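Chain and residue survey
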Amino acid sequence: MIITEEFTDEKEIMKVIALFCGNQTTAKFSDRDIVFNARFKEIRSGQIILSQVDSSHPGLSLEDYNMRPLDAEVVLGGSIYIFEAIPMGAKNISMPNIIKAHPKRKNERIKISGNEFVQKMFATISMKVVDFTVQDEELAKKIHLIIATIESHLTRSENYDIAKISLFDGTEKNIITRLIKKLKKPFVVFNTANFKIKEDLVLSYEDYVKFLSEEGFDLKNILSQLDKVKEFYQKNVIKSEAILPLIFEGEAIGQIRVVSLKEYITKTHVRRLITLAQQAVENLFEKCSFEIVTKEPQILQDMSVGGAKITITEPDMYKYIRELRRIYMQLTFPDATQIKTMGTILNMYDNTPEGYRVIGIKFSANIDWRDKSKLDEFIQSVMRLQNVRVSN
């Protein structure tokens, strides 16, 4: 997985730029098919001074882009640094407000959008999703049946006195629900008479108190909340309680809550509940998922044999886009031939000025070898054309 690191502090940014200058690192500043290759020299008067600047288009200089932002990319060591470069003259740019860094890619990438050697190439994206907020009568019936079956199993076969499954819709305000949504771990009260009992890998009222403190609650208010919880447990004769998140593709989509009035919940019970929660998610995905597909061609920004950067222009997709989500792609080449592959969203970039979402996708390792060869051959052919253009 590509892990992005962000430098936003002014001192951190200065250190990174100083590192570039100390190594006389080269940079690439681009705007569509215009590319400037430059070399860092020094920091002077709060600006970055460059020792040389070469343009891919003779006659154009950085001065022609005065105060117009360019996409900057710097490769140093095993990392790639990207930021927005704003030219202030022929050989100087302003200090960036943010620098992002990620490990250097193994495969060379080529620019697709705006590349004069690549015409009419685009992507079609589809995803399998589970969305409980969709107003569909048939879907609602399926969800209700699955939930009722699981709740019945928990009370009849697993012997819990109360079992309730809730699916999240984004309006959750309960503190424990918000806690398990954030940390994606079970919340367990093994003994309601002793909140101090806890086990590794589960959340307890100690985490509850910490969460409220981070939310700005004062100690008096927190203690008052705990007194109300204890009173609730005593009034309803509850011995143990467990709340487990339903995790789908790294996101908590709901929860299972079980209550025991007769005996205490143990670690063995918790392990069993975790298994049941996983089975519940698999059941919901298998029977309640549906596919959404982009209606219009999506913009390929750049691409390698290992992945691509894509601009998603359809708002209907936005609520389902998140890191680590699996997607299905169909790439259409300039000659109208196509390949299909699966990928994983690894990066979420800043939105475009139009508000479109930009994502970085890693292609599946199981991509068909013929498709991979076709992709590699295409990329190499474009690179050869670009090199011929530069040499001339």
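Summarised in this report is the structure supplied together with it.

**A short note on the sheet that holds strand E12 (residues 187-189)**
Read across the open sheet, the 4 strands follow the order E11-E14-E13-E12; overall the sheet is antiparallel. Whereas interior strands pair on both sides, the edge strands pair on one side only; in this sheet they are strand E11 (162-167) and E12. Looking at each pair of strands side by side, their axes are set apart by 15 degrees on average, direction ignored. Summarising the sheet, strand E13 (residues 240-248) and strand E14 (residues 251-260) pair through 9 bridges and their orientation is antiparallel. Bridging from a neighbouring strand, Phe 248 pairs with Glu 251 of E14. Packing against the sheet, helix H6 (residues 267-288) makes contact with E11, E12, E13 and E14, and its axis sits at approximately 35 degrees to E13.

**What about the packing of aromatic side chains?**
Across all of its chains, the model carries 9 aromatic pairs by this definition. Seen from their ring centres, Phe 20 and Phe 40 are 5.1 Å apart, and the 50 degrees between their planes marks the pair as tilted. Linking Phe 20 in helix H1 (residues 10-22) with Phe 40 in strand E3 (residues 34-44), this pair joins segments that are 20 residues apart in sequence. The class for Phe 40 is buried, based on a relative accessible area of 0%. Ring geometry for Phe 195 and Tyr 233: centres 6.1 Å apart, planes at 90 degrees, overall edge-to-face. Of this pair, Phe 195 sits in the loop between E12 and helix H4 (205-214) while Tyr 233 sits in helix H5 (residues 219-235), and the two are 38 residues apart along the sequence.

**Let's talk about a negative patch on the surface**
A contiguous patch of negative charge on the surface is contributed by Glu 5, Asp 9, Glu 10 and Glu 12. Considering the arrangement of structural elements, one finds Glu 10 in helix H1.

**Some words on the nonpolar core**
Met 303, Ile 310, Met 329, Leu 331, Leu 375 and Phe 378 are the most contacted members of the largest nonpolar core, which totals 33 residues. For this core, the elements supplying multiple residues, two or more each, are strand E10 (122-129), strand E16 (299-303), strand E17 (307-312), strand E18 (326-332), strand E19 (338-349), strand E20 (357-363) and helix H7 (369-391). Counting residues per element, this core draws most heavily on H7, at 5 residues. Dropping the residues within four chain positions of it, Met 329 is found in contact with Ala 123, Thr 124, Ile 125, Ile 310, Ile 339, Lys 340, Thr 341, Ile 361 and Phe 363. The next biggest cluster of nonpolar side chains, apart from the first, holds 30 residues, and it includes Ile 147, Leu 154, Ala 163 and Leu 284.

**Some words on the sheet that holds E10**
An order of E9-E16-E17-E20-E19-E18-E10-E15 is seen for the 8 strands of this open sheet, with the pairing classed as antiparallel. Every other strand in the sheet has two partners, leaving strand E9 (110-111) and strand E15 (290-293) as the edge strands with one partner each. Bridge count for E10 against E15 is 4 bridges, and the pairing is antiparallel. When the sheet's bridge partners are listed, Ser 126 is paired in E15 with Val 293.

**A look at H4**
Taken as a whole, H4 has its buried residues at Tyr 205, Tyr 208, Phe 211 and Leu 212. With its buried residues spanning 110 degrees around the axis, H4 presents them on a single face. Every exposed residue of H4 that faces more than 90 degrees away from the buried side is listed here: Glu 206, Lys 210 and Glu 214. Positive backbone phi, at 100 degrees, marks Gly 216, one or two positions downstream of H4.

**Some details on the packing of helix H2 (residues 137-156) against H6**
Each pair of packed helices can be summarised by the angle the axes make with each other and by the distance between the axes. At a minimum axis distance of 10 Å, the contact between H2 and H6 shows a crossing angle of 160 degrees. As summarised for this structure, H2 and H6 are arranged roughly antiparallel, according to the angle between their axes. The handedness of the crossing between H2 and H6 is right-handed. In this structure, H2 contributes Leu 139, Lys 142, Ile 143, Ile 146, Ile 150, His 153 and Leu 154 to the contact, and H6 contributes Arg 272, Leu 273, Leu 276, Ala 280, Asn 283, Leu 284, Lys 287 and Cys 288.

**With respect to H5**
The periodicity of an α-helix, 3.6 residues per turn, causes residues three or four places apart in sequence to face the same way. Counted at 1.5 Å a residue, the expected span for H5 with its 17 residues is 24 Å, and the 24 Å between its end C-alpha atoms agrees. Those residues of H5 that are buried are in contact with E12, H4 and E13.

**Observations concerning the pairing of E13**
The buried fraction of E13 is high, at 8 of 9 residues. Of the strand pairs in this sheet, E12 and E13 are connected by 3 bridges, and their pairing is antiparallel. Considered in E13, the bridge of Val 188 is made with Ala 242. Where E13 folds back on E14, the antiparallel hairpin that results is connected by 2 residues, among which Glu 249 adopts a positive phi of roughly 50 degrees.

**Some words on the pairing of E18**
With respect to burial, E18 is a largely interior element, 5 of its 7 residues being buried. One ladder, built from 5 bridges, connects E10 with E18; its direction is antiparallel. In the strand pairing of E18, Ala 123 is matched with Leu 331. Two strands pair when backbone bridges link them, and E18 and E19 are joined in this way by 7 bridges, in the antiparallel orientation. Its bridge partner being in E19, Thr 332 is matched across the sheet by Gln 338. Once E18 ends, the chain turns through 5 residues before running back antiparallel as E19, passing Ala 336 with a positive phi of about 75 degrees.

**With respect to unusual backbone geometry**
Backbone geometry follows two general trends: most residues other than glycine have a negative phi, and most peptide bonds adopt the trans configuration. The phi torsion at Ser 45 lies on the positive side, around 55 degrees, for a residue other than glycine. As for its placement among the helices and strands, Ser 45 is situated in the loop between E3 and strand E4 (47-55). Phi at Lys 184 takes a positive value of approximately 55 degrees, unusual for a residue other than glycine.

Procedures and definitions
Residues numbered from 1 in each chain as written. Predicted model: local features only at pLDDT ≥ 70, side-chain atom pairs only at ≥ 80, totals over all residues. Heavy atoms only, no water. Pairing = 2+ DSSP bridges. Helix = DSSP H or I, 4+ residues; strand = E, 2+ residues; numbered from the N terminus. Axes fitted to C-alpha atoms, helices over the stretch in contact; angles between N-to-C directions. Contact = heavy atoms within 4.5 Å. Phe/Tyr/Trp six-rings, centres within 6.5 Å; stacked < 30°, edge-to-face > 60°. Buried < 20%, exposed > 50% of the residue type's maximum accessible area, 1.4 Å probe, protein only. Patch = residues over 30% accessible without salt bridge, like charges linked within 9 Å, V, L, I, M, F, W, Y side chains within 5 Å. Areas by Shrake-Rupley, 256 points an atom, 1.4 Å probe, with all protein chains shown as cover. Salt bridge = Lys/Arg side-chain N within 4 Å of Asp/Glu carboxyl O. Lys, Arg positive; Asp, Glu negative; His and termini not counted. Charge placed at Lys NZ, Arg CZ, Asp CG, Glu CD. Core = buried A, V, L, I, M, F, W, Y, C linked by side-chain atoms within 4.5 Å. Arc of directions from axis to C-beta. Parallel < 35°, antiparallel > 145°, perpendicular 65-115°, else oblique. Left-handed = near helix turned anticlockwise from the far one by under 90°. Expected span 1.5 Å × (residues − 1).

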